[in-house]
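# Examining the three-dimensional arrangement
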Amino acid sequence: MSKRMKDVSQVRSTEEGVIIEVIDKTVDAEKVKEVVENCQTGKCDCMSEETKTKVTFMDFKIEDGKPVIEIKGEVSEEEIKEAVKKSKKEL
């Protein structure tokens, strides 16, 4: 069964922006890293142009054994949840 970011993650606000935490342990961390790399290079179309301009930093890391996408900037949890819903990459 194919899984997408919206199926396997939860979004939460931080002091500096938003974190997308992958909560499904069966997801390959390398595929999550690819999602981040696509966003960093502008190959993704899940974020609106307006949201992209607000992001000042985006990175992939492993936190407590789980893949995490850290996004910093003037972005809201709602904006990132919308982007996660639009993500088509299969994990």
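The structure contained in this document is the topic of the report that follows. (Residues numbered from 1 in each chain as written. Predicted model: local features only at pLDDT ≥ 70, side-chain atom pairs only at ≥ 80, totals over all residues. Heavy atoms only, no water.)

### Quick word on the pattern of salt bridges
Within the structure shown, the criterion is met by 15 salt bridges. Across the salt bridge formed by lysine 61 and glutamate 70, the nearest N and O atoms sit 3.4 Å from each other. Among the residues examined, glutamate 70 registers a relative accessible area of 15% and is labelled buried. Taking the shortest distance from any N to any O, the salt bridge between lysine 81 and glutamate 77 comes out at 3.2 Å. Taken as a pair, lysine 81 and glutamate 77 lie in helix 4 (residues 77-86) at a separation of 4 residues, close to a single helical turn. You can call lysine 81 partly exposed: its relative accessible area is 37%. By sharing partners, the salt bridges in this structure join Arg12, Glu16, Lys61, Glu63, Glu70 and Lys72 into a single network. (Salt bridge = Lys/Arg side-chain N within 4 Å of Asp/Glu carboxyl O. Buried < 20%, exposed > 50% of the residue type's maximum accessible area, 1.4 Å probe, protein only. Helix = DSSP H or I, 4+ residues; strand = E, 2+ residues; numbered from the N terminus.)

### As for the packing of aromatic side chains
In this description, a pair of aromatic rings is defined by centroid distance and the angle of the planes. Summed over the entire model, instances satisfying the criterion amount to 0 aromatic pairs. The lysine or arginine in question, lysine 72, covers the ring of phenylalanine 57, its NZ or CZ lying 4.9 Å from the ring centre. (Phe/Tyr/Trp six-rings, centres within 6.5 Å; stacked < 30°, edge-to-face > 60°. Lys NZ or Arg CZ within 6 Å of the ring centre and 35° of its normal.)

### A closer look at helix 2 (residues 29-40)
Here helix 2 is 12 residues long and its end C-alpha atoms lie 17 Å apart, about the 16 Å a rise of 1.5 Å per residue gives. Listed in full, the buried residues belonging to helix 2 are Val32, Val35, Val36 and Cys39. Projection of helix 2 onto a plane perpendicular to its axis shows the buried side chains occupying an angular sector of 95°, all on one side. Buried positions along helix 2 lie against helix 1 (5-8), strand 2 (17-22), strand 3 (55-63) and strand 4 (66-73). (Expected span 1.5 Å × (residues − 1). Arc of directions from axis to C-beta. Contact = heavy atoms within 4.5 Å.)

### Examining the pairing of strand 3
By the bridge criterion, 8 bridges tie strand 3 to strand 4 in an arrangement that is antiparallel. Paired with isoleucine 62 across the two strands is proline 67, which belongs to strand 4. The antiparallel hairpin formed by strand 3 and strand 4 contains 2 residues in its connecting segment, where aspartate 64 sits at a positive phi of about 55°. (Pairing = 2+ DSSP bridges.)

### Regarding the sheet that holds strand 3
The antiparallel open sheet is built from 4 strands, whose spatial order is 1-2-4-3. Because the sheet does not close on itself, it has two edges, and the strands there are strand 1 (9-13) and strand 3. Between one strand axis and the next, the sheet turns through 20° on average, direction left out of account. Seen against the sheet, helix 2 touches strand 2, strand 3 and strand 4 and runs at an angle of roughly 170° to strand 3. This element, helix 4, spans strand 1, strand 2 and strand 4 of the sheet and lies at about 160° to strand 1. (Axes fitted to C-alpha atoms, helices over the stretch in contact; angles between N-to-C directions.)

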